[in-house]
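One letter stands for each residue in the lines below.
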Amino acid sequence: MAALLPAVVALVACVPATGQPPDPAVRAVATYSVIADLARRVAGERADVVSLVPAGTDPHTYEPRPDDLRRVAGASLVLYNGFNLELWFGRLIAGSGTRARIAVASRGVTPIVIRDPLSRYHGAPDPHAWMDVRNVIRFYVPNIREALTIVDPEGAAIYSRNAQQYITELEGLDASIREQVATLPAARRKLVTTENAMFYFAAAYGFQVVGWIYTLAPESEPPARRITELVERIRRERVPALFVDLTLNPKLMERLSQETGVPIRGALYIDSLGKPGSGADSYAGMMRANVEVLIRGLGGPGS
Ligand SMILES: [Zn+2]
């Protein structure tokens, strides 16, 4: 009996008195909801994944809270997008004193460079690489799988299987986006959105980015020249519709719509998933919702 006792004690210690399940193999923190969803799909039940930036909130200008510092300090893995999406990330990590493994989900992506001489981000990499599903298949998912495997080698086979299944699903998503976009005449595939966040999507799926209001993160006052030029381009390019970003204030786009007479035909999920139950509360769901809004808004079938 005495020999059995330590084993029993060890078992009991794994199950907290509250009846909670045993500790997860990995405590992962993702900076925002898109990365958190990818990580949950790869990790399955083995990791507890939390997102710092809540769904519906802009991740560029987010201000980390004391709770976030505590979560990062207690994490074994921290996942972030990189390419300066999270302008606050360095401060957060330094302030938390965390010893977690830190992994950049976009590692390996060939960045699209921001072209806007009116912005201080001119020449910097555009962070919105997840808007091309192929980047998620080739880089984000493998990077997350690798990071989880390093932190929790015993879960390697599970992460590998989950990643493979998810990649198959994402290949289907990518193909279905292409099929749907093919129904939209090329001359109508024109994008005007609140942020300059659609270049990866446009390059992947055959759209033209005509213009935007904010260059990387909402500026308090976008340069007047950018807006004047945008008004001209919307007219010249005969843009069928304008779109707003769900995480950003739509006021300036509404003014642009009044000035040009071009309607706002929907809102896009770019820097955040939708709220639970919205249908866009997963990465795949958000991409499907966006494509539906774009096809309907720009004048595809059923519009
Ligand atoms: Zn953005």
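Residues numbered from 1 in each chain as written. Predicted model: local features only at pLDDT ≥ 70, side-chain atom pairs only at ≥ 80, totals over all residues. Heavy atoms only, no water.

Trainee: An account of the overall build of the protein chain is needed here, citing residue identities and associated values.
Mentor: Across its full length, the protein chain carries 10 helices and 8 strands. Against the compact-globule benchmark of 19 Å for 303 residues, the protein chain has a radius of gyration of 22 Å, which places it among compact chains. Residues counted as buried form 48% of the 303 residues belonging to the protein chain. Long-range pairs, those at least 24 residues apart, make up 63% of the contacts in the protein chain with a sequence separation of at least 6. On the protein chain, the mean spot of the 33 positive side-chain charges and the mean spot of the 31 negative ones are 3 Å from each other. (Helix = DSSP H or I, 4+ residues; strand = E, 2+ residues; numbered from the N terminus. Rg over C-alpha atoms; globule rule 2.2 N^0.38 Å. Buried < 20%, exposed > 50% of the residue type's maximum accessible area, 1.4 Å probe, protein only. Contact = heavy atoms within 4.5 Å. Lys, Arg positive; Asp, Glu negative; His and termini not counted. Charge placed at Lys NZ, Arg CZ, Asp CG, Glu CD.)

Trainee: Now, about the pattern of salt bridges: what can you tell me, with residues and values included?
Mentor: One pass over the full model with this rule turns up 15 salt bridges. A salt bridge links Arg41 to Glu169; the nearest nitrogen and oxygen atoms lie 2.8 Å apart. With Arg41 in helix 2 (residues 33-43) and Glu169 in helix 6 (residues 156-182), this residue pair connects regions lying 128 residues apart in the sequence. Overall, the relative accessible area of 37% leaves Glu169 in the partly exposed class. Arg65 is paired through a salt bridge with Asp68; the nearest N and O atoms lie 3.5 Å apart. The class of Arg65 is partly exposed, set by a relative accessible area of 38%. One salt-bridge network, in which partners are shared between bridges, spans Asp23, Arg27 and Asp48. (Salt bridge = Lys/Arg side-chain N within 4 Å of Asp/Glu carboxyl O.)

Trainee: Can you lay out the packing of helix 3 (residues 66-73) against helix 4 (residues 89-96) for me, pointing to particular residues and giving the numbers?
Mentor: With their axes 9 Å apart at the nearest point, helix 3 and helix 4 run at an angle of 65° to one another. Looking at the two axes, helix 3 sits roughly perpendicular to helix 4. Here helix 3 runs over helix 4; the crossing is right-handed. Note on element contacts: helix 4 touches helix 3 through Leu92, Ile93, Gly95 and Ser96, opposite Asp68, Leu69, Val72 and Ala73. Tallied by class, the residues present in the contact of helix 3 with helix 4 amount to 5 nonpolar, 2 polar and 1 charged. (Axes fitted to C-alpha atoms, helices over the stretch in contact; angles between N-to-C directions. Parallel < 35°, antiparallel > 145°, perpendicular 65-115°, else oblique. Left-handed = near helix turned anticlockwise from the far one by under 90°. Nonpolar A, V, L, I, M, F, W, Y, C, P; charged D, E, K, R; others polar.)

Trainee: Explain the domain arrangement of the protein chain to me, using residue names and the numbers behind them.
Mentor: For the protein chain, the domain assignment lists domain 1 (24-176) and domain 2 (184-297). Contact residues are listed per partner, giving 41 residues for domain 1 and 33 residues for domain 2. Interface area lost by domain 1 to domain 2 is led by Leu118, His128 and Met131, which between them contribute 23%. On the surface where domain 1 and domain 2 come into contact, there are 1 salt bridge. Residue Asp116 is joined to Arg226 by a salt bridge in which the shortest nitrogen-to-oxygen separation is 2.9 Å. (Domains from an automatic or database assignment. Buried area = accessible area lost by both parts, 1.4 Å probe.)

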